Amino acid sequence: MREVLAASRPFSWVNTAYPFAAGYLMATGGRLDATFVIGTLFFLVPYNLAMYGVNDVFDYASDLRNPRKGGIEGALVAPERARAVHRRILAAAAVTVLPFVAYLVVVGSAAASAVLLVVLFLVVAYSAPGLRFKERPVLDSVTSAMHFVGPLLYALVLVGAPLGARTTWPVLVAFVAWGMASHAFGAVQDVRADREAGIASVATVLGARATTRAAVAAYLLAAGVLLVVPWPGTLAAVLPLPYAVSTARFWAVRDEDCERANTGWRTFLVLNLVVGFLVTMLLIAIARS
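Residues numbered from 1 in each chain as written. Predicted model: local features only at pLDDT ≥ 70, side-chain atom pairs only at ≥ 80, totals over all residues. Heavy atoms only, no water.

S.K.: Any chance you could break down the overall build of the protein chain for me, citing the residues and the numbers?
M.R.: Broken down by element type, the protein chain carries 14 helices and zero strands. Put simply, the protein chain runs from its N terminus to its C terminus through helices and strands in the order α-α-α-α-α-α-α-α-α-α-α-α-α-α. For 289 residues, the compact-globule formula gives about 19 Å, and the C-alpha radius of gyration of the protein chain, at 19 Å, lands near that figure. Overall size of the protein chain, expressed as C-alpha extent along the three principal axes, is 50 × 45 × 30 Å. Every one of the 289 residues in the protein chain was classed for burial, and the buried ones make up 52%. The contacts in the protein chain between residues at least 6 apart in sequence include a share of 72% that link residues at least 24 apart. Total accessible area on the protein chain stands at roughly 13200 Å², and carbon and sulfur atoms take up 71% of it. (Helix = DSSP H or I, 4+ residues; strand = E, 2+ residues; numbered from the N terminus. Rg over C-alpha atoms; globule rule 2.2 N^0.38 Å. Buried < 20%, exposed > 50% of the residue type's maximum accessible area, 1.4 Å probe, protein only. Contact = heavy atoms within 4.5 Å. Areas by Shrake-Rupley, 256 points an atom, 1.4 Å probe, with all protein chains shown as cover.)

S.K.: Kindly report on the pattern of salt bridges, identifying the contributing residues and their values.
M.R.: Considering all chains together, one arrives at six salt bridges under this definition. Note that Arg-260 and Asp-257 form a salt bridge whose closest N and O atoms lie 3.0 Å from each other. Owing to a relative accessible area of 34%, Arg-260 belongs among the partly exposed residues under this scheme. With a relative accessible area of 21%, Asp-257 lands in the partly exposed category. Connected through salt bridges with shared partners, the residues Arg-254, Asp-257 and Arg-260 form a single ionic network. (Salt bridge = Lys/Arg side-chain N within 4 Å of Asp/Glu carboxyl O.)

S.K.: Account for unusual backbone geometry, with residues named and values stated.
M.R.: Residue Pro-232 is reached from Trp-231 by a cis peptide bond, and omega for that bond is 5 degrees. With respect to the secondary-structure elements, Pro-232 resides in the loop between helix 12 (208-226) and helix 13 (241-248). Even without glycine at this site, Arg-132 takes up a positive phi of about 45 degrees. Turning to its location among the elements, Arg-132 is positioned in the loop between helix 7 (110-125) and helix 8 (139-158). With phi around 80 degrees, Val-138 is a residue other than glycine that occupies positive phi space. As for its position among the elements, Val-138 is in the loop between helix 7 and helix 8.

S.K.: How would you sum up helix 8? Please name residues and give values.
M.R.: Side chains three or four residues apart in an α-helix point the same way, a direct result of the helix having 3.6 residues per turn. Roughly 45 degrees is the biggest bend found in helix 8, and it falls at Val-149, with proline Pro-151 one to four residues downstream. With 18 of its 20 residues buried, helix 8 lies for the most part within the structure. Where helix 8 ends, the next residue or the one after it, Gly-160, has phi of about 75 degrees, a positive value. (Bend = angle between axes of the 7 residues up to and from the residue.)

S.K.: Residue-level account of the packing of helix 2 (residues 14-28) against helix 8, with values.
M.R.: In the contact formed by helix 2 and helix 8, the axes pass within 8 Å of each other and the chain directions differ by 25 degrees. Classified by the angle between their axes, helix 2 and helix 8 sit roughly parallel to one another. With respect to the hand of their crossing, helix 2 and helix 8 are arranged in right-handed fashion. Of helix 8, the residues touching helix 2 (which contributes Asn-15, Thr-16, Pro-19, Phe-20, Gly-23, Tyr-24 and Ala-27) are His-147, Phe-148, Pro-151, Leu-152, Tyr-154, Ala-155, Leu-156 and Leu-158. For the contact of helix 2 with helix 8, a count of residues per class yields 11 nonpolar, four polar and no charged. (Axes fitted to C-alpha atoms, helices over the stretch in contact; angles between N-to-C directions. Parallel < 35°, antiparallel > 145°, perpendicular 65-115°, else oblique. Left-handed = near helix turned anticlockwise from the far one by under 90°. Nonpolar A, V, L, I, M, F, W, Y, C, P; charged D, E, K, R; others polar.)

S.K.: How would you sum up a nonpolar patch on the surface? Please name residues and give values.
M.R.: Together, Phe-11, Val-270, Leu-273, Val-274, Phe-277, Leu-278, Met-281 and Ile-284 make up a nonpolar patch on the protein surface, roughly 720 Å² of accessible area in all. Inspection of the secondary structure puts Phe-277 in helix 14 (residues 262-288). (Patch = residues over 30% accessible without salt bridge, like charges linked within 9 Å, V, L, I, M, F, W, Y side chains within 5 Å.)

Here's what the structure looks like:
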């Protein structure tokens, strides 16, 4: 159980549960019901077990060569136990995901169910053999972004929120830009390792320096789009800027020393907690305005 739990990366649980919960509450005026609770629990644990568990199973060979694995950046089991543990992870993911999805499909509209199924497909497609979106440059960043934007989009469609509203579409667009930037910069630190393993990514194609600069630009784009949100939501435009500043420290990173970008990635993990707190304060202010 400890190994199965580790595969879900508990440090990152909030990153998917929060967008669903926040979107649901903001769009319904704070409605607390069974669907809110069940949906939040689903995106808190089972969703992450499926997303990261599938990734850990099918990326195991390359993870063994990656010094970052074995901690909060990815679980790693001993080779002699890998097959048994991986079977357990996949079984646990299926057993925990299916009941939640069944409930959400029953209570949701056809559109909401379609969004949920697409989100889950992308979770599997990112890592599963035959699809491996993670090895399709640019699509890898888009798919990764949707892992986190998807729960928010699903919550909005589930409750019938107008996606074209000024309070909605800029947030979705900015969130996608933020997610793509974060994935791309996260791939920079693995450029050399991925090339040696024959793994393609947006960073192996563009190179460490160009990818880092593209990530900075995407963070700035996210900030710019959020200026469209009505006041006081406009204040959200400030939130992507710390990510842009932190990533810009590696403006001149080269493929040869790409590993030093791991420092920036660890800063990113801390920034998520700080910015998450600020997002919460802003949403409270918006709800009370």
